[in-house]
Amino acid sequence: MDAKALETEAQSAIAGAASPDELEEARVRYLGRKSELAQALRGVRDREAGMTLNALRAALEGAVEARRAELERAELERTLTEDVVDVTLPGDALPLGHLHPITQTRREIEDAFLGLGYEVRDDREVETVEFNFDKLAFDPWHPARSHRATFFFDDNRLLRTETSPSQIFALQEHEPPVYMVSIGRVYRRDDIDATHYPIFHQFEGLAVDRNITLADLKGTLLHFMRTIFGPDRRVRFRTHYFPFTEPSMEPDVSCGICGGAGCRTCRHSGWLEMGGSGMVDPRVFENVGLDPEEWSGFAFGCGIERVAQLKFDFPDIRALWEGDLRVLTQF
Ligand code: DAH
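Parameters and conventions
- Residues numbered from 1 in each chain as written.
- Predicted model: local features only at pLDDT ≥ 70, side-chain atom pairs only at ≥ 80, totals over all residues.
- Heavy atoms only, no water.
- Helix = DSSP H or I, 4+ residues; strand = E, 2+ residues; numbered from the N terminus.
- Buried < 20%, exposed > 50% of the residue type's maximum accessible area, 1.4 Å probe, protein only.
- Contact = heavy atoms within 4.5 Å.
- Near = heavy atom within 4 Å.
- Polar contact = N/O pair within 3.5 Å; in protein donor to acceptor, adjacent residues only side chain to side chain.
- Areas by Shrake-Rupley, 256 points an atom, 1.4 Å probe, with all protein chains shown as cover.
- Nonpolar A, V, L, I, M, F, W, Y, C, P; charged D, E, K, R; others polar.
- Axes fitted to C-alpha atoms, helices over the stretch in contact; angles between N-to-C directions.
- Parallel < 35°, antiparallel > 145°, perpendicular 65-115°, else oblique.
- Left-handed = near helix turned anticlockwise from the far one by under 90°.
- Phe/Tyr/Trp six-rings, centres within 6.5 Å; stacked < 30°, edge-to-face > 60°.
- Lys NZ or Arg CZ within 6 Å of the ring centre and 35° of its normal.

(A) Spotlight on the side chain of S182. For S182, the position within the fold is in strand β4 (residues 178–187). Overall, S182 belongs to the buried group, its relative accessible area being 0%. For S182, the residues in contact, after removing those within four places along its chain, are R121, D123, T163, S166, Q202, F203 and E204.

If you want it as structure tokens, here you go:
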């Protein structure tokens, strides 16, 4: 074998390889197991020939590596200059959800009261007769105490029927002034229909300070209704009864669909019922050890589903609980 001639031929094949594939071909041909060089190396008898052939192999291997590096650099150079990447193209759209209408409404309610300096509370859903009824001055005969109306675990423990127990917690935790709103789930043994569901959400407000009057309650609710429903809304009170307020009122907000003129949504009255409210009953103050002569306050409570239904104008409360995305994605 003519080592010199082989080297010349191999070096020019390596240097002339125009792609990684061609280079690999040349490497196999001149350095592979079946190459002339490999066979010659296997047949070597004397030291000098061995040294010559090993030096030739090392030289060719070095040349292959050098050429490989060159080709890679050239390829990188090419993609950097030739390939055009438009970084402004929109990416693949990921399916992205959004907040449930109840959560959206809940957050708006929280924001409205945070803006008034109220503390937001989130109290327990498993309640005792003491906090759900007794301390709130429910009379022994009140129908909500019945096992037919309320989910009881035993004679003492139940699923809270309202967020009103938060009034007691807030007043027991620290001395007034107290300005708080409590938001969360409540439970009642109601049959399911378009406006009733055994689980729903309420928000409960309480303001206790010195010299609080009914005018403060009405002004606060007016501000709230306008924040949630728009600046043209009006508020009116109808007298009512609740165990823990005296006097008690049901607030109405003027209908946003007809502007108060009367339409189907407001059953032609011009007004929409928005829960309950009133001045904190002296018995509640006594139950938490506060002097009703020193402190006064107001409270109000309302269903979040009710607010959401009016805000988003959908007719059936069940849609809020069934999780049907064809419905929910519209809000
Ligand atoms: N807890 C009452 C209910 O669930 C609503 C309510 C009425 C809350 C009057 C109040 C209030 O804070 O003052 O029907």
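(B) The arrangement of the site of the ligand in detail. In the region of the ligand, 15 residues are neighbours, and E162, S164, R188, Q202 and E204 sit closest. One of the side-chain nitrogen or oxygen atoms of E162 is found 2.7 Å away from a nitrogen atom of the ligand. In this structure, an oxygen atom belonging to the ligand sits 2.7 Å away from a side-chain N or O atom of R188. Relative to its unbound accessible area of 360 Å², the ligand is 90% covered by the protein chains. Contributing elements (two or more residues each) for the shell around the ligand: β5 (199–209), β9 (276–280) and β10 (296–303). When the residues that make up the shell around the ligand are grouped by side-chain class, the tally is four nonpolar, eight polar and three charged.

(C) Geometry of the packing of helix α5 (residues 101–114) against helix α8 (residues 214–229). Packing of α5 against α8 leaves a shortest axis separation of 10 Å and a crossing angle of 135°. When the axis of α5 is compared with that of α8, the two are oblique. Crossing of α5 against α8: the hand is right-handed. Packed against α5, whose contacting residues are E108, I109, A112 and F113, the element α8 presents T220, F224, T227 and I228 at the interface. In terms of residue class, the contact of α5 with α8 is built from five nonpolar, two polar and one charged.

(D) Summary view of the environment of P101. On the secondary structure map, P101 appears in helix α5. We classify P101 as buried; its relative accessible area is 1%. Between the C-alpha atoms of P101 and L23, which are 78 residues apart in sequence, the distance is 64 Å. Beyond its immediate stretch of four places on either side in the chain, P101 contacts F312, L320, L328 and F331.

(E) Representation of the environment of A58 within the structure. Looking at the secondary structure, you find A58 in helix α4 (residues 47–82). On the accessibility criterion, A58 (46% relative accessible area) is partly exposed. Separated by 27 residues in the primary sequence, A58 and L31 have C-alpha atoms spaced 9.8 Å apart.

(F) The arrangement of the packing of aromatic side chains in detail. Scanning the entire structure with this criterion turns up 14 aromatic pairs. Ring geometry for F113 against F203: centres 6.1 Å apart, planes inclined by 45°, an arrangement best described as tilted. Of this pair, F113 sits in helix α5 while F203 sits in strand β5; the two residues are 90 residues apart in sequence, bridging distant segments of the chain. Ring pairing ties together the aromatic residues F113, Y118, Y179, F203, F224, F298 and F300, which thus form one cluster. One Lys or Arg, R124, reaches over the ring of F131 and ends 5.4 Å from the middle of that ring. Over the ring of F312 we find K311; its NZ or CZ atom is 5.3 Å from the centre of that ring.

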